[in-house]
Structures are given as C-alpha cells and as structure tokens.
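# Geometric and topological summary
Letter by letter, the chains look like this.
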Amino acid sequence: PVYDMLCSRRYYASEDMAMPLADAFYGHLETTGSYTLDDFVHLGLRLGLEEKPLRKVADSLTGMHSKILDLLNVSFLPEQEKKLVADIINEQYRKFGS
C-alpha cells in the first residue's frame, strides 16, 4: 500500500512497512532488504490480478515522486520535518525501484 511508503517509516524507523505483504512472500526482501515494484506486481499476479493494470498503477505511482515532494514543500510542516519526510520518501522510492 502507498501509505507504507511514508507513514510507518516516519514513526517506526526500524520498519519499512506497517504490515507484511503476505505469509511466505518475500520477493526481493531477502536479497535487497526491501520490496520492489516487481514484488508488488508479482503479488498482484498471485492474487489473480492482471499484469497490465498492475503495471499501469505502478507506473503511475513511480511517476508521482516529484509531485509528492512538491506537495511536501508547500505543506505546513516545519522545515526540519519536511527534510526528514523528504529523505524517507526518496529512500522508499529508491528501494521501490531496485
């Protein structure tokens, strides 16, 4: 879920995701330490979803990186908090693209 890209990481620094994706589904987690875009697509396929819409949603999410940072910059968060949150967003996007 998209909320995991930021919220759980902000408040639980040792966790990337609030909940695991699925029992016995590790994907790239074992080799890279995080889930990737392909892991989410693979999980969707295992759940019976079609690949084309999965890729479309994934592409849409990855294409929003700069828009999310732009929105963060005009938010009412204190500057120190904006920096912290921006660092988390950038790191999560980096992992997602691995």
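Now for a description of the structure that goes with this document. (Residues numbered from 1 in each chain as written. Predicted model: local features only at pLDDT ≥ 70, side-chain atom pairs only at ≥ 80, totals over all residues. Heavy atoms only, no water.)

Now for the overall build of the protein. Of the regular secondary structure elements, the protein holds 6 helices and 0 strands. The burial tally for the protein puts 29% of its 98 residues in the buried class. Of the contacts formed within the protein by residues at least 6 apart in sequence, a portion of 40% connects residues at least 24 apart. Of the roughly 6900 Å² of accessible surface on the protein, 60% is carried by carbon and sulfur atoms. (Helix = DSSP H or I, 4+ residues; strand = E, 2+ residues; numbered from the N terminus. Buried < 20%, exposed > 50% of the residue type's maximum accessible area, 1.4 Å probe, protein only. Contact = heavy atoms within 4.5 Å. Areas by Shrake-Rupley, 256 points an atom, 1.4 Å probe, with all protein chains shown as cover.)

Put simply, helix α3 (residues 37-46) and helix α4 (residues 51-62) touch, their axes get as near as 10 Å, and they point 150° apart. Our classification of the angle between α3 and α4 gives roughly antiparallel. Relative to α4, α3 is oriented so that their crossing is right-handed. Here Leu-37, Asp-38, Val-41, Gly-44 and Leu-45 of α3 come into contact with α4, specifically with Glu-51, Leu-54, Arg-55, Ala-58 and Thr-62. Along the lines of polarity and charge, the residues of the contact of α3 with α4 split into 5 nonpolar, 2 polar and 3 charged. (Axes fitted to C-alpha atoms, helices over the stretch in contact; angles between N-to-C directions. Parallel < 35°, antiparallel > 145°, perpendicular 65-115°, else oblique. Left-handed = near helix turned anticlockwise from the far one by under 90°. Nonpolar A, V, L, I, M, F, W, Y, C, P; charged D, E, K, R; others polar.)

Packed helix pairs are characterised by how far apart their axes lie and by the angle those axes make with each other. One way to put it is that helix α5 (residues 65-73) packs onto helix α6 (residues 79-97) with a least axis distance of 10 Å and a crossing angle of 170°. Judged by the angle between their axes, α5 and α6 are roughly antiparallel. Across the interface between the two elements, His-65, Ile-68, Leu-69, Leu-72 and Asn-73 from α5 touch Lys-82, Val-85, Ala-86, Ile-89, Asn-90 and Tyr-93 from α6. Looking at the contact of α5 with α6 residue by residue, the class counts come to 7 nonpolar, 3 polar and 1 charged.

Moving on, we get to the pattern of salt bridges. Applying the stated criterion to the full structure yields 5 salt bridges. In this structure, Arg-55 engages Glu-51 in a salt bridge whose closest nitrogen and oxygen atoms are separated by 3.3 Å. Here Arg-55 and its partner Glu-51 are both found in helix α4, 4 residues apart, which amounts to about one turn of the helix. Given the relative accessible area of 28%, Arg-55 is considered partly exposed. The exposure class assigned to Glu-51 is partly exposed, which follows from its relative accessible area of 39%. Here Asp-87 ties to Lys-83 by a salt bridge, and the two come within 2.9 Å at their closest N and O atoms. Of this pair, Asp-87 and Lys-83 both sit in helix α6, 4 residues apart, which is roughly one turn of the helix. For Asp-87, a relative accessible area of 38% translates into the label partly exposed. (Salt bridge = Lys/Arg side-chain N within 4 Å of Asp/Glu carboxyl O.)

The quantities given are spatial measurements derived from coordinates; they are silent on function.
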